[in-house]
Structures are given as structure tokens and as C-alpha cells.
Amino acid sequence: MKQIVIVLVVSVLLLNSCGSKSTNESQSKITAEMALEGVSNYCHKEFDWSMAKDNPDIMGVEMGEETDSAYQVVFRSYTGAFVNFYVDKTSGTTRMEKYVPTLDVKEDAGTINLYNYLEKNE
């Protein structure tokens, strides 16, 4: 009976340690480079870049400000509008906010998971 109890305890401990490891790997810290890469990949997938074909300076993605918990990445459209991406350094959850300076209008533009737009290095 003692052997069964010991096997069960060891099994539970092994399962818990395996679960913790995979959770920690999926929650790895986002770097500034990862934030820029993921947002750039998102913008190139979701926005029309054809207007920038002959003049690439009219559109772009660049790093903005950084806080303790998030990176700001800014997409500038050929229309003059900006989309600010606020990338959570821990989770990769990215909040988007659209800003049109000529109209002085800000609006929530949703969220994305940055991990969905990072290249898989496998």
C-alpha cells in the first residue's frame, strides 16, 4: 500500500512540474525586438502597403515609448493615421488604438496576441 501511495505522490509531483514548465515557456518575457517584429508582421498582413511601393517612407512601423509593463509600437499609414500598439511584456496581449491627427480622433481598435504574429523558430 505504501508503494502505491509513493508512486501516486511522485506522479503528481512530476505532472505538476511538467505543467509549470510549459506554462512558463508560453509566458516567456517579450523583448522589444519581438514586439517590433510581431507588430510589423501584423501590419504587413492586415494593411495595404501598395501605396508605399514607390515611396516606402510614407508608411512604417517603429518603436515608441516603453513602460515597466509594456512596449509601444507605432504604425504610421500613408493616410496620416497612426495605430498605437501597446504590447504587454509578460503575456504578449497587444491593445491597439487608432489615432487620426487631422480629426483629433482616438478610438479603440481591438486586441491581438503578439505570439500569433511572431516567426516560429523551430
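Note that the structure is a prediction, hence the values are computed from the model and not measured. (Residues numbered from 1 in each chain as written. Predicted model: local features only at pLDDT ≥ 70, side-chain atom pairs only at ≥ 80, totals over all residues. Heavy atoms only, no water.)

1. Here's the deal with the confidence of the model for the protein chain
- Looking at the protein chain as a whole, the pLDDT averages 83, with 75% of positions reaching at least 70.
- Below a pLDDT of 50 lies the segment residues 5-10, which in the model reaches zero contacts outside its immediate sequence neighbourhood of four places, other chains included.
- Within the model, pLDDT remains below 50 along residues 12-27, and this stretch shows four contacts once partners closer than five positions in the same chain are excluded. (pLDDT = per-residue confidence, 0-100. Contact = heavy atoms within 4.5 Å.)

2. A word on helix H2 (residues 32-46)
- Compared with the 21 Å implied by 1.5 Å per residue over 15 residues, the 21 Å span of H2 between its first and last C-alpha is a close match.
- Burial in H2 covers these residues: Ala35, Gly38, Val39, Ser40, Tyr42 and Cys43. (Helix = DSSP H or I, 4+ residues; strand = E, 2+ residues; numbered from the N terminus. Expected span 1.5 Å × (residues − 1). Buried < 20%, exposed > 50% of the residue type's maximum accessible area, 1.4 Å probe, protein only.)

3. Details of the pairing of strand S1 (residues 60-66)
- The pairing of S1 with strand S2 (residues 70-76) spans five bridges and is antiparallel. Residue Glu62 lies in a different strand from S2, and its bridge partner there is Val74.
- Between the end of S1 and the start of S2, which pair antiparallel, lie three residues. (Pairing = 2+ DSSP bridges.)

4. Concerning unusual backbone geometry
- The phi angle at Asp104 is positive, at roughly 50°, despite the residue not being glycine.
- Looking at Asp104, the relative accessible area reads 60%, which means it is exposed.

5. Some words on the nonpolar core
- Counting 19 residues, the largest nonpolar core has Val39, Tyr42, Cys43, Phe75, Phe85 and Val87 as the members making the most contacts within it.
- Take this core: its biggest share by element is four residues, from H2.
- Those residues within four positions of Tyr42 in sequence are excluded, and the remaining contacts are Phe47, Phe85, Met96, Ile112 and Tyr117. (Core = buried A, V, L, I, M, F, W, Y, C linked by side-chain atoms within 4.5 Å.)

6. Regarding the sheet that holds S1
- The five strands lie next to each other as S1-S2-S3-S4-S5, forming an open sheet whose pairing is antiparallel. Across the chains shown, the open sheet's two edge strands, defined by having one partner strand only, are S1 and strand S5 (105-113). Neighbouring strand axes in the sheet, compared pairwise and without regard to direction, differ in orientation by 25° on average.
- Against the sheet, H2 contacts S1, S2, strand S3 (82-88), strand S4 (93-100) and S5, and its axis sits at roughly 145° relative to S1. (Axes fitted to C-alpha atoms, helices over the stretch in contact; angles between N-to-C directions.)

7. Points about the pattern of salt bridges
- In this structure the tally under the stated criterion is two salt bridges.
- Measuring nitrogen to oxygen at the nearest pair gives 2.6 Å for the salt bridge that ties Lys89 to Glu66. Here Lys89 is found in the loop between S3 and S4, whereas its partner Glu66 is found in strand S1, with 23 residues between them in sequence.
- The residue Glu97 makes a salt bridge to Arg95 at a minimum N-O spacing of 3.9 Å.
- Among the residues examined, Arg95 registers a relative accessible area of 39% and is labelled partly exposed. (Salt bridge = Lys/Arg side-chain N within 4 Å of Asp/Glu carboxyl O.)

8. Digging into the packing of aromatic side chains
- Evaluation of the coordinates by the stated rule reveals five aromatic pairs.
- On the basis of an interplanar angle of 5° and a centroid distance of 4.5 Å, the ring pair of Phe47 and Phe75 is categorised as stacked. In this pair, Phe47 sits in the loop between H2 and S1 while Phe75 sits in strand S2, placing the two residues 28 residues apart along the sequence.
- Overall, Phe47 belongs to the partly exposed group, its relative accessible area being 28%.
- Through successive ring pairs, a cluster of aromatic residues spans Tyr42, Phe47, Trp49, Phe75, Phe85 and Tyr117.
- A cation sits over an aromatic face here: Lys89 above Tyr71, 4.7 Å from the ring centre.
- Here the basic side chain of Lys106 rests over the ring of Tyr99, its NZ or CZ set 5.7 Å away from the ring centre. (Phe/Tyr/Trp six-rings, centres within 6.5 Å; stacked < 30°, edge-to-face > 60°. Lys NZ or Arg CZ within 6 Å of the ring centre and 35° of its normal.)

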